[in-house]
Each structure stands twice: as structure tokens, then as C-alpha cells.
Amino acid sequence: MQILVDCREKTPYEFPCQTELAKLDAGDYTVKGYEKTIAVERKSHSDLYRCLSSDFSRFKKQLRKLSKKKIAFVLIDTSLHAFLLGHVYSSLRGEEAYQRLLSLMVDFPNVHFLFVGNKGSETCLKILCLAVQRMK
């Protein structure tokens, strides 16, 4: 299995398998040969707050692309608890950000959002492996 990493990803996850940089149409990670069906998007705590405030329309556009995939995830590199505390550089309060996130979950029901804390790389790899197994 070869993981494709979007070439615009600034600090990509590290995997114990072969990776290749590619320009992906949706998401930051997929598996070679499954680009049209599997996508995993990664969001840091600060990036998600930016996406839920000043970049909200761009984020919704991103989610529309993700929602066209058979298997789509957004991995959030923080805990739910930390997310609810807010972000120092955002005027958006934690509860408001959470409400917007829940709204997006309803609007894009086939895009799965997971708070993964520091287990992003491990979770991404497991998702990609399981997705490929299910697609065979």
C-alpha cells in the first residue's frame, strides 16, 4: 500500500510505509489507486478554528469535495476538551466553534470528523488500511 500525501500539506504525518507527494483534489491523504474514493483531511486546532471562522466558506467548499468520496474523514489534531476551550488567536468562542462543527456534521453526513489528539498519524494509517480492505 502506498499512501499519497497532498503536496500542499506543510507538516505531513509520518507513516511506516511508502509515501508519495501528489496534488490531491480533496483531502491530505489517500491511497494510490483509490484517489477517487478515499480521502482523509487533517486539521490542527488552530487551522480548524480558522476554518470555522474567517475561512468558513472555503472550508465548506473543501467539505463538498470530500463528501463526494465514498470514504471521507477529517482528523482533528486535538482533543474535544482542548477544542472546547477555544483558541487564543480566535474571537470565536469554544461553544460557538463546536456549534458550527456540529452543523457541518449534519450538512455533510458522510464526512466523519474525529478528534484524534496526538494519534493522528496512527489513526490515519488505520483508516486508510481499513478503507482499502472494504473497497476490495
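Residues numbered from 1 in each chain as written. Predicted model: local features only at pLDDT ≥ 70, side-chain atom pairs only at ≥ 80, totals over all residues. Heavy atoms only, no water.

> How should the nonpolar core be read in this particular structure?
One recurring pattern in soluble globular proteins is that nonpolar side chains are buried together. In this structure, Leu52, Phe59, Leu63, Leu66, Val111 and Phe113 are the most contacted members of the largest nonpolar core, which totals 20 residues. Residue assignment for this core shows that the elements contributing at least two residues are α1 (45-52), α2 (56-67), β5 (71-76), α4 (94-107) and β6 (111-115). Per-element accounting of this core gives the leading share, four residues, to α1. In this structure Leu66 touches Ala26, Gly27, Ala39, Glu41, Ala72, Phe73, Val74 and Val111, once residues within four positions along its chain are discounted. Counting 19 residues, the second-largest nonpolar core is a separate cluster that includes Val5, Val31, Leu125 and Leu128. (Core = buried A, V, L, I, M, F, W, Y, C linked by side-chain atoms within 4.5 Å. Buried < 20%, exposed > 50% of the residue type's maximum accessible area, 1.4 Å probe, protein only. Helix = DSSP H or I, 4+ residues; strand = E, 2+ residues; numbered from the N terminus. Contact = heavy atoms within 4.5 Å.)

> Looking at this structure, how should I read α4?
Think of an α-helix as turning once every 3.6 residues; residues three or four places apart then point the same way. If you check α4, its first and last C-alpha atoms are 20 Å apart, about what 14 residues at 1.5 Å a residue would give, namely 20 Å. Among the residues of α4, those classed as buried are Gly94, Ala97, Leu101 and Leu104. Viewed end-on, α4 has its buried residues packed into an arc of 85°, placing them on one side of the element. Residues of α4 that are buried make contact with α1, α2, β5, α3 (80-84) and β6. (Expected span 1.5 Å × (residues − 1). Arc of directions from axis to C-beta.)

> So what exactly am I meant to see when it comes to the side chain of Arg42 here?
With respect to the element layout, Arg42 can be found in strand β4 (residues 38-43). In terms of polar contacts, Arg42 uses its side chain to reach the side chain of Asp77, at 2.5 Å. Beyond its immediate chain neighbours, meaning those up to four positions away, Arg42 contacts Glu9, Thr11, Pro12, Tyr13, Asp28, Tyr29, Asp47, Leu75 and Asp77. (Polar contact = N/O pair within 3.5 Å; in protein donor to acceptor, adjacent residues only side chain to side chain.)

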